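Per-entry structural report
Letter by letter, the chains look like this.
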Amino acid sequence: MGKFNHNFNLIKSSDTCRIYACDGNIVRLDFVNDSCIRVAVYKNENDLLPTFSVNPSNELLTAGRDRLSTDGFKLCKPKIYVKGDKEFIELPCGIDIEVEKHNFILKYRKNGKALFSDREPLAYNFTGEFGRESYHYITKENGEYVFGLGDKGGLLNKSGRAFRIECADSMGYDAQSTDPLYKHIPFYICENNVGCYGVFYDTSDTSYLDLGKEINNYYPAYKYFKSEDNCLVYYVFFGTKLSVLQQFARLCGKQAFPPKWSFDYCASTMAYTDAPNSQKLMDEFLDKLHEYDLSCQGFYLSSGYTSIGDRRYVFNWNYDKFPSPKRFIKKFADKGIQIIPNIKPAFLDSHPLYNEIAEKGYFVKNSDGTPFITEFWDGLGSYIDFTNPDAFNYWKQKVKETLLDFGITTTWNDNNEFDIRDLDAQAQGFGKGTVSASRIRPNLTYLMVLSSYMAQIEKTPELRPFLSTRSGNVALRRLAQTWSGDNRTCFEDLRFCHNIGLTMSMSGLYFYGHDLGGFYGEMPSRELLIRWIQHGIFEPRFTIHSWNEDGSATMPWSYPDIMPSIKKLFNQRKKLIPYLYNCAYNAVESEVPLNSPPLLYYDDERLYSQNDSMMVGRDILVGFIFDENREEAEFYLPKDEKWYLDGRVFDGGQTIKISIPLNEEVPCFVKAGSIIPTDENGVIFTVYPIENGRFEGDYFNDDGITFNYKNNDCVKLKFYVFCDEESVTVEYKNLGNISFIPKIKLCKNDSRRLNLKNI
């Protein structure tokens, strides 16, 4: 068989799977569900590394999952017929797939129109036609939009750009242009004039994705994926933008449900733990909270608490800074504040435990069995090999002994990009012999976080674990929240971190946030700090964090003269927590993001040029100002809806100019047909009715910290609202075991009669 000339034959088939072969190349099609297929291109399935990303059954996998497994899939039996040398597959979702066995070209049609296809005459690198790596080329349509890929910078639409898919420690990155950042998520949603589809490449290897930046005279416009993996395993999803995202998220397992306290302000700064008088600064922090009457329920403890001299040593407490860690932790706990300690997966070669760990063989190794040493924070060090079960358990035990046994219940898993590029660095692997550590970097991150997670579960099994991780792949959603990493203190990064956050959300990472104020640079100006906080109060992770060049700490009270404005924003956040927590439950159970661009829900072309607003849950639309010296901005309201703002009702499909001053709460548009729970010295439900007709709503609440809600020990309200010109009738029932009678009111300026009925 010559180059560019591969004739495949069907060698095995079932109702849900078809396998083709040609000269040692195998192509396997699995019909995952009614609107998703999996395509695998490989030479020997025994050579495929396991996957940690795909996990529809939500299991805690320490050795991963066979990449070709179909366990947990709702397999589909499509209609298949043969016509000449071609096969035609009809999926129940209305997508028709043409299989051309010469060079194995897949073509996808929706309603008879070409949605996309593999690039002809060759889409895959069967015999080295494109070089050494695994390749996949597909068509690119004029004017298409592409969303996703994890924490990628720039505009929301990634079409026409190219990206490296790997994890990097990108301290002080440019949120518009730096690539790569911290996450490894080769998933995107593409929308063209025929419809939407999503593609997820299931690999942990370093990869490259070109979304139309490259052009070639010999081919029409195309996109391509390239990976250092020895195979291609990818999933294609069909549907709306939202349903494609939801299918991908369900494929990868449920997002971990954070405890309710984590939605309050959680403070942090490197300045306090880097200072020699750390304990004094932390005590003063508590005094400031009391002085300004600010609510705070978490403190991210930066790694300075582990220092010996000017270096940081994971699992070591600096007793000069913290003479009694247990007393320090209890003091914060007594104030209702959880300490979230920073831990890093590498041990410096001067670490007191380094030789012990090396002798046990727990580090990633060179080919001769010695510890692999690489650059890390403050010097040279070695990474724990979490594929080694003994090393996995060693880390878990250290988390317990040095943190959890001191009264801590959380972990902040940081600097876990596993920056290993040397091909000779070896990990123990997953039962099939050693594997190059460079090939499984995001899996090592996942296993680190899983080890911390299991330590927390074993120590306090009654509590929902809270973990934060900076790096990883989409598997991290099952264990932890994340954030956008070490951003800069400038208005430009505020604007583009907004996009990075929404991009993560459209990649299945719903519980995210930013270092508000900017992590690296100068102390933010008064205006920049307020604009950052105005943005952060609507995101799941509400944290101000900094490493300012002058050693100062960015705190809510950094500028005492603007504290009245800061307090209003903190109070607005506190007021929103019942709504945000309800949205969090919907994200976990129904894959509805807490934050998303409005275009995720509305097919309205004007939304694609509106980048300064976002949906909070499904019912609130909020806009922001990202430019200096501005207090007014224009925001487009999605059409086919009515929107409330401070007692006024606006038709969708128009642009509204609003004021967002520095000294007031952020104005929010609320979708007509919504019930919004807010904390007003108790939960109050405000109904935003439609003119005529009916709509439904829901509300969830529980103890906020345990898994008891899974036994229905929770409040689970269903609302049924009926509207006419004279009255608004709200019927409600509680499907949970915790009794609760809601306090319900109509929104401002609606004079209709409100009728309430407990059914």
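Now for a look at the structure at hand.

Parameters and conventions
Residues numbered from 1 in each chain as written. Predicted model: local features only at pLDDT ≥ 70, side-chain atom pairs only at ≥ 80, totals over all residues. Heavy atoms only, no water. Salt bridge = Lys/Arg side-chain N within 4 Å of Asp/Glu carboxyl O. Helix = DSSP H or I, 4+ residues; strand = E, 2+ residues; numbered from the N terminus. Polar contact = N/O pair within 3.5 Å; in protein donor to acceptor, adjacent residues only side chain to side chain. Contact = heavy atoms within 4.5 Å. Buried < 20%, exposed > 50% of the residue type's maximum accessible area, 1.4 Å probe, protein only. Axes fitted to C-alpha atoms, helices over the stretch in contact; angles between N-to-C directions. Parallel < 35°, antiparallel > 145°, perpendicular 65-115°, else oblique. Nonpolar A, V, L, I, M, F, W, Y, C, P; charged D, E, K, R; others polar. Phe/Tyr/Trp six-rings, centres within 6.5 Å; stacked < 30°, edge-to-face > 60°. Lys NZ or Arg CZ within 6 Å of the ring centre and 35° of its normal. Pairing = 2+ DSSP bridges.

Before going further, it helps to spend a moment on the pattern of salt bridges. For the structure on display, the rule yields 57 salt bridges. For Asp179, the salt bridge is made with Lys152, and the minimal N-O distance between the two is 2.8 Å. In this pair, Asp179 is assigned in the loop between strand 12 (162-165) and strand 13 (187-191) and Lys152 in the loop between strand 11 (145-148) and strand 12, connecting sequence segments 27 residues apart. When salt bridges with common partners are traced through the structure, they connect Lys86, Glu98, Glu100, Lys107, Arg109 and Glu120 into a single cluster.

Attention now goes to the side chain of Glu191. With respect to the helices and strands, the residue Glu191 is situated in strand 13. A polar side-chain atom of Glu191 sits 2.4 Å from a polar atom in the side chain of Tyr608. Residues within four places of Glu191 in sequence aside, it is in contact with Glu144, Tyr145, Phe147, Cys196, Lys241, Asp603 and Tyr608.

Side chains that are three or four residues apart share a direction in an α-helix, a result of its 3.6 residues per turn. Along helix 9 (residues 526-536), 10 of the 11 residues are buried, which leaves the element largely enclosed by surrounding structure. All of the buried residues along helix 9 are Glu527, Leu528, Leu529, Ile530, Arg531, Trp532, Ile533, Gln534, His535 and Gly536. Those residues of helix 9 that are buried are in contact with helix 8 (491-505), strand 30 (513-516), strand 32 (541-544), helix 10 (563-590) and strand 35 (613-616).

Moving on, we come to the packing of helix 9 against helix 10. Relative orientation of the contacting elements helix 9 and helix 10 amounts to 10°, with a least axis distance of 10 Å. By the angle between their axes, helix 9 is roughly parallel relative to helix 10. Across the interface between the two elements, Ile530, Ile533, Gln534 and Gly536 from helix 9 touch Ser565, Ile566, Leu569, Phe570 and Arg573 from helix 10. Among the residues making up the contact of helix 9 with helix 10, the classes are represented as 5 nonpolar, 3 polar and 1 charged.

What follows covers the environment of Tyr319. By the element assignment, Tyr319 lies in the loop between strand 21 (311-312) and helix 4 (325-334). Sequence spacing of Tyr319 and Gly485 is 166 residues, and the spatial spacing of their C-alpha atoms is 28 Å. Apart from residues no more than four positions distant in its own chain, Tyr319 is found in contact with Pro325 and Phe406.

This part takes up the packing of aromatic side chains. Within this structure, the stated rule accounts for 80 aromatic pairs. Seen in terms of ring centroids, Tyr581 and Phe700 are 6.1 Å apart; in terms of plane orientation they differ by 35°. Their pairing is tilted. Of this pair, Tyr581 sits in helix 10 while Phe700 sits in strand 44 (residues 693-701), and the two are 119 residues apart along the sequence. For the pair formed by Tyr581 and Phe700, the shared burial category is buried. Each residue in the set Tyr272, Phe285, Tyr292, Phe299, Tyr305, Trp317, Phe322, Phe328, Phe332, Phe406 and Trp557 is aromatic and connected to the rest through ring pairs, giving one cluster. Positioned above the aromatic ring of Tyr137, the side-chain terminus of Arg119 is 3.8 Å from the ring centre. The ring of Phe257 carries the charged tip of Arg464 above its face, separated from the ring centre by 4.1 Å.

Attention shifts here to the packing of helix 3 (residues 278-292) against helix 4. Between two packed helices, the angle of one axis relative to the other and the distance separating the axes together describe the packing. Taken N-terminus to C-terminus, the directions of helix 3 and helix 4 make an angle of 10°; their axes are 11 Å apart at the nearest point. Between helix 3 and helix 4, the crossing angle belongs to the class labelled roughly parallel. Where helix 3 approaches helix 4, its residues Gln279, Met282, Asp283, Phe285 and Leu286 are matched on the opposing element by Phe328, Lys331 and Phe332. In the contact of helix 3 with helix 4, the residues fall into 5 nonpolar, 1 polar and 2 charged.

With that out of the way, let us pick up the sheet that holds strand 3 (residues 25-33). In space, the 8 strands of this open sheet follow the order 1-2-3-4-17-14-13-11, with antiparallel pairing throughout. Each edge of the sheet is formed by a strand with only one pairing partner; in this case those strands are strand 1 (9-13) and strand 11. Each adjacent strand pair in this sheet contributes to an overall mean axis angle of 20°, direction not counted. Bridging between strand 13 and strand 14 (residues 196-201) involves 5 bridges; their strand directions are antiparallel. Residue pairing in the sheet places Glu191 in a bridge with Cys196 of strand 14. Packing of helix 1 (residues 241-252) onto the sheet brings it into contact with strand 3, strand 4 (36-42), strand 11, strand 13, strand 14 and strand 17 (232-239), and relative to strand 17 it is tilted by some 140°.

Let's shift gears to the pairing of strand 5 (residues 79-83). The element strand 5 is barely covered by neighbouring structure, given that only 0 of its 5 residues are classed as buried. Relative to strand 6 (residues 86-90), strand 5 runs antiparallel, the two being bridged by 5 bridges. What sits directly across from Lys83, in strand 6, is Lys86. Following strand 5, the chain reverses through 2 residues before pairing antiparallel with strand 6; Gly84 in that reversal takes a positive phi of roughly 70°.

This is a description of form; function is not addressed.
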